[in-house]
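Geometric and topological summary
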Amino acid sequence: AGLRACGVHNVCRLLTRRAHGFYARDAGVAHRKNLGLLRKIMCQESTKFKNVWTTHSASPIAYERGRIYMDNYQCCITSIAQQPRLIYQKSKCAKSEKIEDALLLECPLGEMLPSPSDYKASLIVLTVQNWLLRLSADSGEVLEKVYLAGSCCKFFRYLSWDTPQEIMIVKSAQNKLPAAARQAGIQQTVLFYLAVFQVLPLSFIGMLEINKKIFGNSVTDVAVSNGILIVMYSMGLVRLYNFKAILEQFMEQPFDLGQEFNWNGQVGVVGKYPFGLPCNIKITDTPPLLFEASSLENAFQIGGYPWHYIITPNKKKHKGVFHICSLKDNALAKNGIQDMKCCSLEPDWIYFHPDMSGRIIHVGPNLIKVLKLKEVKNHADQMEIAEDFTIVANRENCVTNSVTVTASGRVVKKRFTLLDDDPEQETFKIVDYEDELDLLSTVAVTQIGADGRAHLDFHCNDHGILLKSIPLKESWDVTYSHEVYFDKDLVLHIEQKPNRRFSCYVYQMVCDTAKEDD
């Protein structure tokens, strides 16, 4: 009756409005409304972004959800305050305690957790000595510690999510024998180790090895994402396996952290030094293959609805050409070959839109195309790629004429075409998506002489309309490495210069000072 009183009688509309929280009396509705107001305020002409803080460092600078980490995560600064301020500063760590990788861990909603500290944000870090630590995001205090490497592996280096904020993967560096061992004829069959954890509470699921005898000699890398084990090969081949099925089928014995164990002649405590974690998942046979594709440089992506994948034909001459195919039957979509025909030093790139709309973003030096999948008219079982909208760089005609006169007085005109990513022409360098404000952000750069100028633009995610442009005050050198984060009312630019020199520039949303004075 309450829904009918709202004037909603269509079931589809009702379900859509319910998904958007129209009938929920919870904080989510207010939060959504507040973000809508923030977006309107931010895109007003009178709203400016001011550079409120700049710092420089000899070590890498990282950013995670309102926190800036420096000095190998020993120093944490909040960027949420009007002026960034120090949260904590720990004493300088020894080289043996150097942090190799880190992930931000946030509390899941609606779950009972064993410890009060679990309800606050924390940082999972991996040290060079194979310790997995959970640190308080507010103080840097060590909340939990797990020793990873027993006798099987000594070089864990990478952290990633299988399922974000639920299942975490710790991956080793590729095992390589010393040159002397190789010359002696000793063969190394184990290429990688993967340790699998569930987080909050932190619990050990299992450890497995990626072995040449099972997956082949030409394996170059592995990854796990959304329940899929992705194995990459030197010839460009990519193979997908069901990771959950592998865990269930080849698990020899489950273990809990802190549990005493006697495993293959070893006696110790799971996750404690010096024993670490047992390799309790032994793949004895090749798992069932879900899918395989051959792509240049192992570039392979899955997304869209219905499911499609993007590859580049596995020949160097096809670099920059992308094929969009159906995952169901490998059929190439109509208009599924995307080629910008760029003449540039840096290649264009393509990926599925992170807003879960199933669209595709194709970025070239001076053009951003947002594409969508739709049914071919009168052919419901066939999909085609259609252009949703484009964003074009603001640049002048890049064709110039050079006139020369020969000794005989003959005028010769030479026509030159600049590269598509010529530094003196506005070029797209970064494209990102702000999910809370539903904005597409782009960074475009123009370099004149030694001085490069960049601006961050906000576009409507539905139609690509330019809503706001923010000039970045600092010079932008296109030969340096850059990261730009747009997080609600914050813009943060991290720059890496030669000789490991890092800079961080923080911009905050403020009212126009001139109008304030008025």
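Residues numbered from 1 in each chain as written. Predicted model: local features only at pLDDT ≥ 70, side-chain atom pairs only at ≥ 80, totals over all residues. Heavy atoms only, no water.

The next point concerns the overall build of the chain. Scanning the chain from terminus to terminus reveals seven helices and 36 strands. Considering the chain as a whole, with its 518 residues, one finds that 45% of them fall into the buried category. Taking contacts inside the chain between residues at least 6 apart in sequence as the whole, the part at least 24 apart equals 46%. As displayed, the chain offers around 28200 Å² of accessible surface, 52% of which is attributable to carbon and sulfur atoms. (Helix = DSSP H or I, 4+ residues; strand = E, 2+ residues; numbered from the N terminus. Buried < 20%, exposed > 50% of the residue type's maximum accessible area, 1.4 Å probe, protein only. Contact = heavy atoms within 4.5 Å. Areas by Shrake-Rupley, 256 points an atom, 1.4 Å probe, with all protein chains shown as cover.)

A few words now on the nonpolar core. Among the nonpolar cores identified, the biggest contains 30 residues, and L132, L148, F156, M168, V170, F197 and L277 are the most heavily contacted of them. Mapped by element, the contributors of at least two residues to this core are strand 6 (99–105), strand 7 (122–127), strand 9 (142–147), strand 10 (156–163), strand 11 (167–172), strand 12 (190–198), strand 13 (203–211) and strand 17 (260–263). If one sorts the elements of this core by residue count, strand 12 sits on top with four residues. By size, the runner-up hydrophobic cluster in this structure holds 24 residues, among which are V196, I214, L229 and I246. (Core = buried A, V, L, I, M, F, W, Y, C linked by side-chain atoms within 4.5 Å.)

This paragraph deals with the pairing of strand 34 (residues 481–487). Pairing between strand 34 and strand 35 (residues 490–497): seven bridges, direction antiparallel. Of the residues in strand 35, the one forming a bridge with H482 is E495. Counted between consecutive antiparallel strands, the loop separating strand 34 from strand 35 contains two residues, among which K488 sits at a positive phi close to 60°. (Pairing = 2+ DSSP bridges.)

The next point concerns the pattern of salt bridges. One pass over the structure, following the stated rule, counts 17 salt bridges. Ionic pairing is found between R134 and E144, a salt bridge with its closest N-O pair at 2.7 Å. Here the residue R134 occupies a position in strand 8 (residues 131–136), and E144 occupies one in strand 9, the gap between them amounting to 10 residues. A salt bridge links E495 to K497, with the nearest nitrogen and oxygen atoms 3.8 Å apart. By sharing partners, the salt bridges in this structure join D355, R359, K372 and D388 into a single network. (Salt bridge = Lys/Arg side-chain N within 4 Å of Asp/Glu carboxyl O.)

In this section: the sheet that holds strand 36 (residues 501–511). Spatially, 1-36-35-34 is the arrangement adopted by the four strands of the open sheet, whose pairing is antiparallel. Of all the strands in the sheet, just strand 1 (47–57) and strand 34 have a single pairing partner and so form its edges. Strand after strand, the sheet turns through a mean of 15° between neighbouring axes, direction not considered. (Axes fitted to C-alpha atoms, helices over the stretch in contact; angles between N-to-C directions.)

Once that is clear, we can look at the UniProt feature "transmembrane region" (unreviewed entry) in the chain. Within the UniProt annotation, "transmembrane region" (unreviewed entry) is assigned to residues 190–210 and 222–241. Structurally, residues 190–210 comprises 0% helix and 81% strand, and the distance from its first C-alpha atom to its last is 6 Å. Note that residues 222–241 is 0% helix and 75% strand, and that its end C-alpha atoms are spaced 11 Å apart. (UniProt positions renumbered as here; feature names shortened; annotations may be inferred.)

The next point concerns unusual backbone geometry. Omega for the peptide link from L200 to P201 comes to -5°, which places this bond in the cis form. Here P201 lies in the loop between strand 12 and strand 13. Put simply, Y273 and P274 share a cis peptide bond, and its omega is 5°. Phi at M356 is positive, roughly 65°, even though this residue is not glycine.

Throughout the structure, instances matching the rule amount to one cavity of 30 Å³ or more. What the largest cavity holds in volume is close to 40 Å³. Lining the largest cavity, in full, are I430, D432, S441, T442, V443, L456, V484, Y485 and F486. If you list the elements that add at least two residues to the lining of the largest cavity, you get strand 30 (427–434), strand 31 (439–448) and strand 34. Residues of the lining of the largest cavity, tallied by class, amount to six nonpolar, two polar and one charged. (1 Å grid on protein atoms, 1.4 Å probe; cavity = no way out; pocket = protein on both sides within 12 Å on 5 of 7 lines; lining within 4 Å. Points joined across faces, edges and corners; volume = space filled by probe spheres on them. Nonpolar A, V, L, I, M, F, W, Y, C, P; charged D, E, K, R; others polar.)

Right, let's get into the sheet that holds strand 15 (residues 228–233). The sheet built from four strands is open, its strands ordered 14-15-16-19 with antiparallel pairing. Every interior strand has two partners, whereas the edge strands, strand 14 (219–225) and strand 19 (289–294), have only one. Ignoring strand direction, the axes of neighbouring strands in this sheet form an average angle of 20°. Across five bridges, the pairing between strand 15 and strand 16 (residues 237–242) is antiparallel. Following the sheet pairing, L229 is matched in strand 16 by Y241. Where helix 6 (residues 243–250) meets the sheet, it contacts strand 14, strand 15 and strand 16, and its direction lies at approximately 55° from that of strand 16.

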